[in-house]
Amino acid sequence: MTDKIQLAFDAGDVFTPGSPINALDLFAGRSDQIEAILNAISQRGYHAILYGERGVGKTSLSNVLSQLLHGRKNSKFLLPRINCDASDTYTSLWRKQFNDIIVTETRMGIGFNADQIEVSRRLVDTLPEQITPDDVRRTLEQLSKGLILVPIFDEFDRVRQNYVSTLMADTIKMLSDYSVPATIILIGVADSVDGLIGEHQSIERALIQIPMPRMSGSETGQIVTNGLTRLQMTINNEALEEIIGLSQGLPYITHLLALYSTKAAIARDSKVVESSDVDIGIKASLGQWQQSVKSAYYHATKSQQPGHIYKEVLLACAVAATDDLGYFAAADVREPLRHITGKPYDIPNFARHLKELSQPGRGEMLSRTGEKRRIRYRFESPLLRPYIIMRGFSDHLLNKDDMKVLTLTAPYKKV
């Protein structure tokens, strides 16, 4: 394998849009969230809930926790992590957690002079058919002798049975009341804790609530520079700013753009990623996007009417300034649409487009909330926004100078 081919192959190991980060040296930022989780683990009786949009790096953070805790003096940690799904019950969740844990017991052999023997068995085989919070409490107490247990439940939002969150809340309260040295971490997609686990006021004192926002520009840049450092490559400031702006604070997009921009630089025998490489990276990234996103965009922007502006309105929504939860109003779309089209559209000229983009006929790209004259919109999926922006560059509706004029460098912040 030539050096050039090997370097391109290595780039695929460093920038991984298809899977969460597992290596600590490739993980970037999130110092506040890491500190909050470590505080929960270090204090008996506390548990943590990590919530935010899909694609902001929650799973990657949980993957590197064991490395962050490794080597801490006088403490041994066990961090079993499972993915929840729509079919899970309370019992199935804890069976998943305990499935790979082997318990070893020392017993006396048969006979007067028999030696002691060790007997190993799967922990899950010792549990009752239906698991209760008290069963979990007793099991974790037994396991925690000499260990600090940190059971992690990823994608907890996928659990459909309402009673499961109630039983999990009961478990957290019980572990806290009995001061069991174990810390449960729940991770999921939600705007608030209530959206993930419901209103369980009895556990508020035992639960550290950790919102996971989109990454800052400096954190996004750190992903790129950390990866390129491992590859013994660099990136110039212009190219880095373009990747930061286009990523919209989503690590998945950062990895996708960085991967194909880096491969473009390698293809021209350069160890420096430049703006022209990002241009190639944008086109390659668009081809690799999830089919569901590409299909939704097609249905949202197609029209038999000549001169329609669905594509332009959708792009204006994508670059509009928003609040911290990603919502924008029709007034926030007006100036970006004028910039994109060069025409002074007022709200009545595109209000119908916004309404239709919120309906099934156009793929429900936007969710719509609020009363008349106070209606606000938000993209249904966080991946739609960066895809639409990159399509805007590919279709020549935007150019790189627009990144300085519009809000691409400061996503989700009003200006």
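Here goes a summary of the coordinates provided. (Residues numbered from 1 in each chain as written. Predicted model: local features only at pLDDT ≥ 70, side-chain atom pairs only at ≥ 80, totals over all residues. Heavy atoms only, no water.)

1. Let's talk about the overall build of the chain
Which entries qualify depends on this criterion: Elements are defined by DSSP. Helices are runs of H or I of four residues or more, strands are runs of E of two residues or more, and each kind is numbered from the N terminus. Here's how the labels work: a residue is buried when its accessible area is under 20% of the maximum for its type, exposed when over 50%, partly exposed in between, all with a 1.4 Å probe on protein chains only. Note on contacts: a residue pair is in contact if any heavy atoms of the two residues lie within 4.5 Å. Only the protein chains shown count as cover for residues, and all accessible areas are computed by the Shrake-Rupley method using a 1.4 Å probe. Counting rule applied: Lys, Arg positive; Asp, Glu negative; His and chain ends not counted. Where a charge sits is defined by one atom per residue type, namely NZ (Lys), CZ (Arg), CG (Asp) or CD (Glu).
The number of helices and strands found in the chain is 17 helices and 13 strands. When the backbone C-alpha atoms are referred to their principal axes, the chain occupies close to 95 × 60 × 35 Å. Looking at the 415 residues of the chain, the share that counts as buried comes to 49%. Taking the contacts inside the chain whose residues are at least 6 apart along the sequence as the reference set, 72% of them involve residues at least 24 apart. Approximately 20500 Å² of the chain is accessible, and the part contributed by carbon and sulfur atoms is 48%. On the chain, the mean spot of the 48 positive side-chain charges and the mean spot of the 48 negative ones are 3 Å from each other.

2. A few points about the pairing of strand β13 (residues 376–379)
So the rule is basically this: By this definition, two strands are paired if DSSP reports at least two bridges between them.
The sheet contact formed by strand β12 (residues 366–369) and β13 spans four bridges and is antiparallel. Bridging across to β13, L366 finds its partner in F379. Between β12 and β13, which pair antiparallel one after the other, the connecting turn spans six residues, and G370 there sits at a positive phi close to 100°.

3. Focus: the nonpolar core
Side chains of nonpolar character tend, in soluble globular proteins, to be buried together. Using the following cut-off: Here, nonpolar core means buried Ala, Val, Leu, Ile, Met, Phe, Trp, Tyr and Cys residues that are tied together by side-chain atoms lying within 4.5 Å of each other.
Counting 88 residues, the largest nonpolar core has I185, L246, F379 and I388 as the members making the most contacts within it. At nine residues, helix α10 (residues 251–267) tops the list of elements feeding residues into this core. With residues near it in sequence (within four places) discarded, I185 still touches I37, I41, A48, L65, V150, P151, I152 and F153. Counting residues in each nonpolar core, the second largest holds 36 residues, with I82, Y90, V193 and I203 among its members.

4. A word on the packing of helix α14 (residues 330–341) against helix α15 (residues 347–356)
Selection criterion: A fitted line through C-alpha atoms serves as each axis, taken over the contacting stretch for helices, and the angle formed by two N-to-C directions is quoted from 0 to 180°. Angles are sorted into four bins: roughly parallel if under 35 degrees, roughly antiparallel if over 145, roughly perpendicular if 65 to 115, and oblique for all others. Helix crossings fall into two classes, left-handed where the near helix is turned counterclockwise from the far one by less than a right angle and right-handed where it is turned clockwise. For this scheme, ten residues count as nonpolar: Ala, Val, Leu, Ile, Met, Phe, Trp, Tyr, Cys and Pro. Four count as charged, namely Asp, Glu, Lys and Arg, and the remainder, Gly too, count as polar.
The contact between α14 and α15 brings their axes to 10 Å, and the two run at 110°. It follows that α14 is roughly perpendicular to α15 by the angle criterion. Considering only the axes of α14 and α15, their crossing is right-handed. Of the residues in α15, those touching α14 at A330, A331, V333, R334 and L337 are I347, F350 and L354. Here the residues of the contact of α14 with α15 are counted per class, giving seven nonpolar, no polar and one charged.

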